[in-house]
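So the chains spell out like this:
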There are 2 protein chains.
Amino acid sequence: MDAKQLLVIGASALPSSLVGSAVAQGVPHSGVQDSYVRVAELEIDPAQLDAYKAAAKEEIEASVRLEMGVLALYAVAAKHDPAHIRVFEIYTDEDAYKAHLETPHFRKYKSATEGMVKQLKLTETIPIMLAAKATSGGR
Amino acid sequence: MDAKQLLVIGASALPSSLVGSAVAQGVPHSGVQDSYVRVAELEIDPAQLDAYKAAAKEEIEASVRLEMGVLALYAVAAKHDPAHIRVFEIYTDEDAYKAHLETPHFRKYKSATEGMVKQLKLTETIPIMLAAKATSGGR
């Protein structure tokens, strides 16, 4: 990457120096309580892992592109247990999450992956601090 | 929030429509393999939770402000188990993570919180998809 423009999604506790830096870069910020964060943990059938990932990517792409209230979806696999997947989900608010569950792309994902997901644990969270760079030098 | 400028941190698998949208907003993007993501899960002594959160916020603020390789640190507490904390960590690469561990602010955090953390589980991950909006309408 040549440069990175990053974001303070929400950080009511940020010192003014960091908030100032974000504002100076033209990146709006908001109070941390404004966003609604959830974590999903999934155990996928290893034999269907590739198919699961393809379905998840399609769903994530559509959600972030089509839904105003879906701010970020970060899906990662544990390096030493690739069938163990976590999704870190940032919505504008709880209503946006509820609306997300009713979208055609989410419903399609749910039904397509129903037989692939062995375990699913959903956790609602309270953000402590969500911080990311407004800009950074890159590689 | 009035408006949000968001980011595609990395998404080699993103369809061109979404990448194009990010580029159109002046937000650089990069391949998903370019970033290095870790998840920390901590169980905090409930009696020391406020002190832990204060130390974590200070450390996160300093890391994102001072370290070029720290792209984002998102710390959240489980809503129904507030002493269970997860941190979703995005670095440019593994070297940036290793450098992070040697910084004065991280060392200060580690020693300050040593007696507060009852359990710590660190997971190295492989990103499947990291997607966030380049822009979105707000509420």
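Criteria and thresholds
Residues numbered from 1 in each chain as written. Chains lettered and ligands numbered in written order. Predicted model: local features only at pLDDT ≥ 70, side-chain atom pairs only at ≥ 80, totals over all residues. Heavy atoms only, no water. Helix = DSSP H or I, 4+ residues; strand = E, 2+ residues; numbered from the N terminus. Buried < 20%, exposed > 50% of the residue type's maximum accessible area, 1.4 Å probe, protein only. Contact = heavy atoms within 4.5 Å. 1 Å grid on protein atoms, 1.4 Å probe; cavity = no way out; pocket = protein on both sides within 12 Å on 5 of 7 lines; lining within 4 Å. Points joined across faces, edges and corners; volume = space filled by probe spheres on them. Phe/Tyr/Trp six-rings, centres within 6.5 Å; stacked < 30°, edge-to-face > 60°. Pairing = 2+ DSSP bridges. Axes fitted to C-alpha atoms, helices over the stretch in contact; angles between N-to-C directions. Expected span 1.5 Å × (residues − 1).

Q: I keep staring at the overall build of chain A and nothing clicks. Help me out?
A: Tallying secondary structure elements over chain A gives four helices and six strands in all. Counting from the amino terminus, helix and strand elements in chain A follow one another as β-α-β-α-β-β-α-α-β-β. A total of 139 residues make up chain A; the buried ones form 55% of that total. Relative to all contacts within chain A whose residues are 6 or more apart in sequence, the contacts with residues 24 or more apart total 71%.

Q: Where do I start with empty space enclosed by the protein in this structure?
A: Any empty space left between atoms is shown by rolling a water-sized probe over those atoms. A complete count under the given rule lists one cavity of 30 Å³ or more for this structure. Approximately 60 Å³ is the volume found for the largest cavity. If you trace the largest cavity, you find it lined by A:Val39, A:Arg86, A:Val87, A:Phe88, B:Val39, B:Arg86, B:Val87 and B:Phe88. Counting only elements with at least two residues in the lining of the largest cavity, the list comes to strand S4 (81–91) of chain A together with strand S4 (81–91) of chain B.

Q: Sorry, what's going on with the environment of B:Ala75 here?
A: The residue B:Ala75 is located in strand S3 (residues 70–78) in this model. Between the C-alpha atom of B:Ala75 and that of B:Lys57, which follows or precedes it by 18 residues, the distance is 8.5 Å. Setting aside residues no more than four positions away along its own chain, B:Ala75 makes contact with A:Pro127, A:Ile128, A:Met129, A:Leu130, B:Ile60, B:Arg86 and B:Val87.

Q: I keep staring at the packing of aromatic side chains and nothing clicks. Help me out?
A: Taken as a whole and judged by the stated rule, the model has 14 aromatic pairs over all chains. Ring geometry for A:Tyr52 versus A:Tyr109: centroids 6.0 Å apart, planes at 65°, classification edge-to-face. Highlighted residues: A:Tyr52 in helix H2 (residues 49–66) and A:Tyr109 in helix H4 (residues 104–113), separated in sequence by 57 residues. By relative accessible area, A:Tyr52 is classed as buried at 2%. Overall, A:Tyr109 belongs to the buried group, its relative accessible area being 11%. With a centroid separation of 6.0 Å and an interplanar angle of 10°, the aromatic rings of A:Tyr74 and B:Tyr74 are classed as stacked. Here A:Tyr74 is found in strand S3 (residues 70–78), whereas its partner B:Tyr74 is found in strand S3 on a different chain. Its relative accessible area of 0% is what places B:Tyr74 among the buried residues.

Q: Please clarify how the sheet that holds strand S5 (residues 117–132) of chain A should be interpreted in this entry.
A: Strands belonging to one sheet form pairs held by backbone hydrogen bonds; the direction of such a pair is parallel or antiparallel. With respect to topology, eight strands assemble into a closed barrel ordered S2(A)-S4(A)-S3(A)-S5(B)-S2(B)-S4(B)-S3(B)-S5(A), the strand pairing being antiparallel. For this sheet, the mean angle separating the axes of adjacent strands, direction not counted, is 30°. Strand direction decides the pairing type here: strand S2 (residues 36–44) of chain B and S4(B), joined by eight bridges, are antiparallel. The residue of S4(B) that forms the bridge with B:Tyr36 is B:Tyr91. Against the sheet, helix H2 (residues 49–66) of chain B touches S5 of chain A together with S2, S3, S4 and strand S5 (117–132) of chain B, its axis set at about 75° to S5(A).

Q: Help me understand the pairing of S3(A), please; the structure alone is not making it clear to me.
A: Along any regular strand the residues' side chains alternate between the sheet's two faces. Most of S3(A) is tucked away: nine of the nine residues are buried. Here eight bridges tie S3(A) to S4(A), and the two strands are oriented antiparallel to one another. In the sheet register, A:Leu73 faces S4(A), and the bridge partner there is A:Glu89. In this antiparallel pair of consecutive strands, S3(A) and S4(A), the connection spans two residues. Both S3(A) and S5(B) contribute to a ladder of seven bridges, which runs antiparallel.

Q: Please clarify how H2(A) should be interpreted in this entry.
A: Spanning 18 residues, H2(A) covers 25 Å between terminal C-alpha atoms, matching the ideal 26 Å at 1.5 Å per step. Looking only at H2(A), the buried set comprises A:Leu49, A:Tyr52, A:Ala55, A:Ala56, A:Glu59, A:Ile60, A:Glu61, A:Ala62, A:Ser63 and A:Val64.

Q: What should I look at first to understand the environment of A:Ile90 in this one?
A: All names here are of chain A. For Ile90, the position within the fold is in strand S4. For Ile90, a relative accessible area of 0% translates into the label buried. Considered as a pair, Ile90 and Leu101 are 11 residues apart in the sequence and their alpha carbons are 14 Å apart.

Q: Explanation requested: the pairing of S2(B) in the structure shown.
A: Residue and element names in this part refer to chain B. The element S2 is largely enclosed, with a buried count of nine among its nine residues. Burial along S2 is two-sided: Tyr36, Arg38, Ala40, Leu42 and Ile44 facing one way and Val37, Val39, Glu41 and Glu43 facing the other are all buried. Direction of pairing for S2 relative to S5: antiparallel, over a ladder of seven bridges. Paired with Arg38 across the bridge in S5 is Glu124.

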